[in-house]
Amino acid sequence: MNTEHPVYRRWSMRQRDWAVVFWIAFLSAAAGAFVLFGLINPLDMIGNWAAEYDIGVRLAYGLAFAFLYLLCLLACSLTMFMIRTGPQRGHARGEGRRPRPEIHDPAKNNPDLDDEDWQ
Amino acid sequence: MSLAEGADDSLYRKEAKVYPRDVNGTFASLRRLAMVLLLGLYYLIPWVNWSGHQSVLFDLPARKFYIFGITFWPQDFIYLALMLIIAGLSLFFFTAVAGRLWCGFACPQTVWTEVFLLMERFIEGDRNKRMKLDASPWNSNKVVRKLTKQFLWVLFALWTGFTFVGFFTPIRELGQSVMGLQLGSWETFWLLFYSLATYGNAGILREQVCKYMCPYARFQSAMFDKDTLVIAYDESRGEPRGGRSKSDSPAKKGLGDCINCTLCVQVCPTGIDIREGLQIECIACAACIDMCDQVMDKMDYEKGLIRYTTEHVLSGGVTRVFRPRIWVYGVLLLALIVGLAWSVNHRVLLRADLLRDRNALYRELPDERIENVYTLKLINMDFKPHRYRIETDNDDMLLLVSPQLELEPEQVGSFILRIQAPANAGRGSVEVNVTFSTEDEPVIKRTVNTRFLLPFE
């Protein structure tokens, strides 16, 4: 039986990473909003300058959540970027790492460099 | 036997400790100059007073930021945003022109690591002596040197942490609190936290921060092009490399100019071999250029085997400095700097907010006039006390304010403003412009637009 058939609509690794970023940022922002607004009235944070716009409580919650979501998205995206561009699997074992550069006495095969404090 | 016990089968390969060799030369001098200048600014600025305040003080409890005689309030958030954009654009601009200039000369990680290395060299000696000391068994000499180094590092880290907190709490008061052992809990926390961060980053982690933790190193390649200045080894001139005596003719021996002394590797603070090509670990400190130039001098060869150059030059072309991205970054940067300077210079040192009394839309007075009540919030952002005048563009309206509009320097005042108008002034809602101005300086003037409510019928 031929099992090697293309799987349609499967997401690429990059798409899955982005989906995780959006989802985790949403969860973090939601948790953050719950904790924050359990302690603080959002209207107190807005200050007097916003009074003329007559921001209601719901809009204040919405705006604050959007702000938190944006911050979490930034943090998650940067984390994803650092992981994707960072050391790959096996790095800790030394895989994929450049061999340590060869270092030796500068005067080795270079007799004119032997008068320096390079020993 | 577990895998970790056998050296070859170890699960982890330890990062080799880097012992950078000391180097002198043009770029080393520039790096030291940058270090003295930047750290001098960092450690001295909080002690300098300007217009009666600490020259730079971020007073978070009072929500005022003092920066060289200018007080920024939370309402001036736009300036902070502009400054951050300018900082970001500067990074783009200088990276596109000269590569990792920031990393090599101005990054706090580089600058503080340089200081910690200076102390290490002073106590333990240069590269070879440090390597021998680390490899030697513990004896009185090693204990004394290691303890002295740690003492200096901790002392310097604590001073750094103290200065950091001094940007947020007046540093003279902070100094007195430290001397009297009366430091507050948050100040103690931040002092120790920043000291630990300095000690850990500059003393222990060093190049690991640049290699694994810094995001800038990862996305810098997006700002590089073939005309960006990079530090490069001239492979066509240097290879094949090999040892030789000064009297030998490289041509006869079939060698290039690189004598394979490995000194360029020994001076590198991140421990890389620049001869392998441009690497993400290279922070462009130019220590290898200084060292290689000295070796080339000694061998009577032309300097510049390792040098600042561009990919275009290395492939036989010519560097084009003024390319589209440089123009775009440059023009944007210039426009933002000019805009910020103009805006700060023309900032009105008065802020006024009018808040309508929400309990009553309007009030009918016995003399058939209509009255609206507002809460007026005035902020005197000047360093001088002021008395303010209040007027409106509508001659029918009468403005009554209490108490008198007088504010001390940098004071926030709250007042009750009553605006009265004849009943026939209109119906529903009428727009009113209320202007506040100082009696002594006409430049300080602010107009606030609000609505005056009247009966609808």
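## Side note on the overall build of chain A
Helices and strands together make up the secondary structure of chain A, namely three helices and zero strands. For chain A, the N- to C-terminal ordering of α and β elements is α-α-α. A total of 119 residues make up chain A; the buried ones form 8% of that total. Taking contacts inside chain A between residues at least 6 apart in sequence as the whole, the part at least 24 apart equals 54%.

## Some points on helix α2 (residues 77-98) of chain B
Given 3.6 residues per helical turn, the α-helix brings residues three or four places apart onto the same face. With 22 residues, α2(B) extends 31 Å from end C-alpha to end C-alpha; this agrees with the ideal 32 Å at 1.5 Å per step. Looking one or two residues past α2(B), G99(B) carries a phi angle of roughly 70 degrees, positive in sign.

## As for the packing of helix α1 (residues 13-39) of chain A against helix α3 (residues 57-85) of chain A
Residue and element names in this part refer to chain A. For the pair α1 and α3, interaxial distance at closest approach is 8 Å and the crossing angle is 140 degrees. Between α1 and α3, the interaxial angle falls into the category oblique. Handedness of the crossing formed by α1 with α3: right-handed. Across the interface between the two elements, D17, V21, I24, A25, F26, S28, A29, G32, A33 and F37 of α1 pack against Y61, A64, F65, L68, Y69, C72, L73, C76, S77 and M80 of α3.

## What to know about the interface of chain B and chain A
Listed per partner, the contact involves 25 residues of chain B and 24 residues of chain A. Top contributing element to the side of chain B that touches chain A by residue count: helix α13 (residues 263-266) of chain B, with three residues. In terms of residue class, the side of chain B that touches chain A is made up of 12 nonpolar, five polar and eight charged.

## Digging into the environment of W186(B)
For W186(B), the location among the structural elements is in helix α8 (residues 185-205). On a C-alpha basis, the gap between W186(B) and V165(B) in space is 9.7 Å, while along the polypeptide they are 21 residues apart.

## Considerations on the sheet that holds strand β11 (residues 386-392) of chain B
Pairing within the open sheet is antiparallel, and its four strands lie in the order β13-β11-β15-β16 (chain B). Unpaired on one side and paired on the other, β13 (406-407) and β16 (445-453) of chain B mark the two borders of the sheet.

Cut-offs applied
- Residues numbered from 1 in each chain as written.
- Chains lettered and ligands numbered in written order.
- Predicted model: local features only at pLDDT ≥ 70, side-chain atom pairs only at ≥ 80, totals over all residues.
- Helix = DSSP H or I, 4+ residues; strand = E, 2+ residues; numbered from the N terminus.
- Buried ≥ 20, exposed ≤ 12 C-beta atoms within 10 Å, placed from the backbone.
- Contact = placed C-beta atoms within 7 Å.
- Expected span 1.5 Å × (residues − 1).
- Axes fitted to C-alpha atoms, helices over the stretch in contact; angles between N-to-C directions.
- Parallel < 35°, antiparallel > 145°, perpendicular 65-115°, else oblique.
- Left-handed = near helix turned anticlockwise from the far one by under 90°.
- Nonpolar A, V, L, I, M, F, W, Y, C, P; charged D, E, K, R; others polar.
- Pairing = 2+ DSSP bridges.

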